[in-house]
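Observations on chain architecture
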Amino acid sequence: MKSSKRLVLILGDQLDLKSAALKDFNVQTDEVLMVESKHEAQYVWSHQAKIALFLSAMRHFAQSLRDLNYPITYIQNTSLSIVEALKEKIQKDNITHLICLEPGEWRLKQEIEGLAKELQLQLDMRDDDHFYCSHQEFLDWASGKKELRLEYFYRLMRKTHQILVDADGNPEGGQWNFDQDNRKPYPKKGPGIIDDPVLFEPDAVTQEVIAYVSQTYAKHPGSLEAFRWPVTRDQALEALHYFVEYRLRNFGVYQDAMWTDTPYGWHSILSSSLNLKLLNPREVIAAVIDAWKKYSLDLSTVEGFIRQILGWREFVRGMYYLDMPKMAQDNYYEHQRALPKWYWSGKTNMACMKDAIGQTMKYGYAHHIQRLMVTGNFALLAEILPSAVCDWYLAVYVDAIEWVELPNTAGMALFANGGRFTSKPYIASGAYIKRMSNYCDSCKYKPDVRFGETACPVTTLYWNFLIKHRAQFDASPRTRLMTANLKRISDDDQKLIVQHAQHVLAHLDDL
Ligand code: FAD
Ligand code: SF4
């Protein structure tokens, strides 16, 4: 006999008791299903800290549901995929009605919809209200536009949600964007004292997860020793509170700065809590605005931070659902090279890559400029196959979920979609890394040397890229200036750059 029970599927990145999936939950008749699937941790070669974060947060969340007397089936340690486990449960209990929040990942959404069709289920897939902009609103904004640019979307979000605008809809401070004020390197002497982000000692649940992950996923990349991530809503709120109290003030100005052994800088470290839905972006923005008023913080820092959440985060999500599944296959430059092996260890002579990848392996974290202008820039210049690069980003960052990772990697860092939402490839030579960090001081290579034994590989590959794609760069006013600089390099030197670049590209693993 068919059951009248409704099953509510909660995924590992949907950990909110106020979730739309639970809003009409009936503890007498409904049941929650959560699945710890080994398949999900393995389909990309995930960092151990990323697996531990998801599992610990899920187990804590399941416990809060139990404390509220929600009936719950929690499947642990299964080799089935989430959808296979779901199918088994539905068939075993003769369930006809499935409720869930729209998954962040396109693949999972297709699979759940496919399962519902196959089993003739009544599927109630609800909008994820942890975002300001619904898919339909994004579609409406994007339709008919020749150019999809963050800036115009962001202004619309500011006006629609009345954030940093006056009563007439004009931007606070007379400007929409204070990006120019937010690009400073640290002082020459170094970043000075940075208030550490709040870190959380693993409790008994997390310790058990850490022991399980280190045994079950022993061969996976990354380490668990430094695991201090927020795994509950209370911890995430504490992290938010701490950030706005102590670290927001310098977020803006040093947003792009990098320094050896300074893994977090002044960044918020809130992405994993936001992406697991331990935090709602609305409360994050409200807390930032409160702190701005309370402490008379610089508008540029507050606007800079809000742009990341209300602008970029919403924008990339909109783009992801607009362009999937094509986005995952795009390869504008037809790059085919394999990812250098040291992306998985940080064992390279390039000081910038060593630091960015080293901290990634240790914490599962690197900040935006490290991801975009160090590891991402290099992957583009070294002509790595975009899907291999995307798999790496999806694997190694604790905040990595495909809806946010893929557009950032394929779209922003790799220009794999040919500039669908960026006006030019984000590429830079060693000179940029030298300006924004101290990495070059301790490096075997020299950032201003373009070819030869001491040449910086980033610099060699940068000029090689410009020479190779000169026609494309010359054709656009946004990039013409970059190729104009080639005129200052003699033809002979350009030949030597290309020659050296061929050598570098053939020996990427040895850098
Ligand atoms: P902060 O610098 O303090 O920023 C505040 C918040 O703004 C972040 O927590 C995040 O929620 C949001 N944000 C900032 N930049 C972006 C952006 N470009 N897109 C979306 N949201 C943004 N972010 C992820 O959450 N998951 C990913 O898998 C991911 N992959 C990335 C891959 C590449 C190649 C690049 C260039 C960026 C990626 N980002 C990703 C965006 C960004 O780097 C991270 O959100 C940020 O570094 C997280 O650290 P934080 O919380 O300290 O962020
Ligand atoms: Fe990186 Fe080049 Fe600087 Fe070395 S010299 S740290 S490889 S940019």
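Cut-offs used in this document
Residues numbered from 1 in each chain as written. Chains lettered and ligands numbered in written order. Predicted model: local features only at pLDDT ≥ 70, side-chain atom pairs only at ≥ 80, totals over all residues. Heavy atoms only, no water. Helix = DSSP H or I, 4+ residues; strand = E, 2+ residues; numbered from the N terminus. Buried < 20%, exposed > 50% of the residue type's maximum accessible area, 1.4 Å probe, protein only. Polar contact = N/O pair within 3.5 Å; in protein donor to acceptor, adjacent residues only side chain to side chain. Contact = heavy atoms within 4.5 Å. Phe/Tyr/Trp six-rings, centres within 6.5 Å; stacked < 30°, edge-to-face > 60°. Core = buried A, V, L, I, M, F, W, Y, C linked by side-chain atoms within 4.5 Å. Near = heavy atom within 4 Å. Nonpolar A, V, L, I, M, F, W, Y, C, P; charged D, E, K, R; others polar. Domains from an automatic or database assignment. Buried area = accessible area lost by both parts, 1.4 Å probe. Salt bridge = Lys/Arg side-chain N within 4 Å of Asp/Glu carboxyl O. Pairing = 2+ DSSP bridges. Areas by Shrake-Rupley, 256 points an atom, 1.4 Å probe, with all protein chains shown as cover.

1. Focus: unusual backbone geometry
- Of note, the bond from Met 324 into Pro 325 is cis; its omega dihedral lies within 30 degrees of zero at 5 degrees.
- With respect to the helices and strands, the residue Pro 325 is situated in the loop between helix H11 (299–323) and helix H12 (326–329).
- A positive phi angle is found at Glu 334, which is not glycine, with a value near 55 degrees.
- Looking at where Glu 334 falls in the secondary structure, it is placed in the loop between H12 and helix H13 (351–363).
- For Glu 334, a relative accessible area of 63% puts it in the exposed group.
- The phi dihedral of Glu 383 falls on the positive side, at around 60 degrees, and the residue is not glycine.

2. Structural notes on the side chain of His 267
- As for its position among the elements, His 267 is in the loop between helix H8 (233–247) and helix H9 (271–276).
- The exposure class of His 267 is buried, given its relative accessible area of 8%.
- Reaching out from His 267, the side chain makes a polar contact with the backbone oxygen of Gln 255 at a distance of 3.0 Å.
- When near neighbours in sequence (up to four residues on either side) are disregarded, His 267 contacts Phe 243, Arg 247, Phe 251, Tyr 254, Gln 255, Tyr 365 and His 367.

3. Comments concerning the packing of aromatic side chains
- Evaluated as defined, the whole model comprises 33 aromatic pairs.
- Measuring from centroid to centroid gives 5.3 Å for Phe 138 and Phe 153, while their planes differ by 65 degrees, and the two rings are edge-to-face. Of this pair, Phe 138 sits in helix H5 (residues 135–142) while Phe 153 sits in helix H6 (residues 150–160); the two residues are 15 residues apart in sequence, bridging distant segments of the chain. Like Phe 138, the residue Phe 153 is buried in the burial classification.
- Measuring from centroid to centroid gives 5.9 Å for Trp 312 and Phe 315, while their planes differ by 80 degrees, and the two rings are edge-to-face. Separated by three residues within a single helix, Trp 312 and Phe 315 lie in helix H11, roughly one turn from each other. The two residues Trp 312 and Phe 315 agree in class, both being buried.

4. Points about the nonpolar core
- If you look at the biggest cluster of nonpolar residues, it comprises 161 residues, and the most contacted ones within it are Val 32, Met 34 and Phe 378.
- No other element matches the 12 residues that H11 contributes to this core.
- Residues Val 35, Ile 82, Leu 86 and Leu 98 belong to the second largest nonpolar core, which totals 18 residues.

5. As for the site of ligand 2
- The full set of residues close to ligand 2 is Met 350, Ala 351, Cys 352, Gly 430, Ile 433, Tyr 439, Cys 440, Cys 443, Tyr 445, Pro 447 and Cys 456.
- Those elements giving two or more residues to the shell around ligand 2 turn out to be H13 and helix H17 (430–436).
- The residue inventory of the shell around ligand 2, partitioned by class, reads 10 nonpolar, one polar and no charged.

6. Overview of the domain arrangement of the protein chain
- The domain boundaries assigned to the protein chain delineate domain 1 (6–126), domain 2 (135–199 + 219–323) and domain 3 (341–510).
- Summed over both partners, the interface of domain 1 with domain 2 buries about 1,900 Å², with 61% contributed by carbon and sulfur atoms.
- On the domain 1 side of the contact with domain 2, Trp 45, Gln 48 and Leu 53 bury the most area, a combined 31% of that side's loss.
- The tally of links between domain 1 and domain 2 comes to one salt bridge.
- A salt bridge links Arg 317 to Glu 102, with the shortest nitrogen-to-oxygen separation between them at 3.6 Å.
- At the surface where domain 1 touches domain 2, the tally comes to eight residue pairs in polar contact (both at pLDDT 80 or more).
- Here the element with the most residues in the side of domain 1 that touches domain 2 is helix H2 (residues 48–67); it accounts for nine residues.

7. Section: the pairing of strand S5 (residues 122–126)
- Across five bridges, the pairing between strand S4 (residues 95–101) and S5 is parallel. Bridging from a neighbouring strand, Cys 100 pairs with Met 125 of S5.

8. Some remarks on the site of ligand 1
- Around ligand 1, a shell composed of 30 residues is seen, among which His 267, Ser 268, Ile 269, Asn 275 and Tyr 365 lie nearest.
- Contact between ligand 1 and Ser 268: an oxygen atom at 2.7 Å from a side-chain N or O atom of the residue.
- Taking Asp 399, its main chain carries an N or O atom lying 3.0 Å from a nitrogen atom of ligand 1.
- Considered on its own, ligand 1 offers 820 Å² of accessible surface; in the complex 99% of this is hidden by protein.
- Listed by contribution, the elements that provide at least two residues to the shell around ligand 1 are H9, H11, helix H14 (368–381) and helix H16 (402–413).
- Counted by class, the shell around ligand 1 contains 17 nonpolar, nine polar and four charged residues.
- Shared between two domains, the shell around ligand 1 holds at least three residues of each, these being domain 2 (135–199 + 219–323) and domain 3 (341–510).

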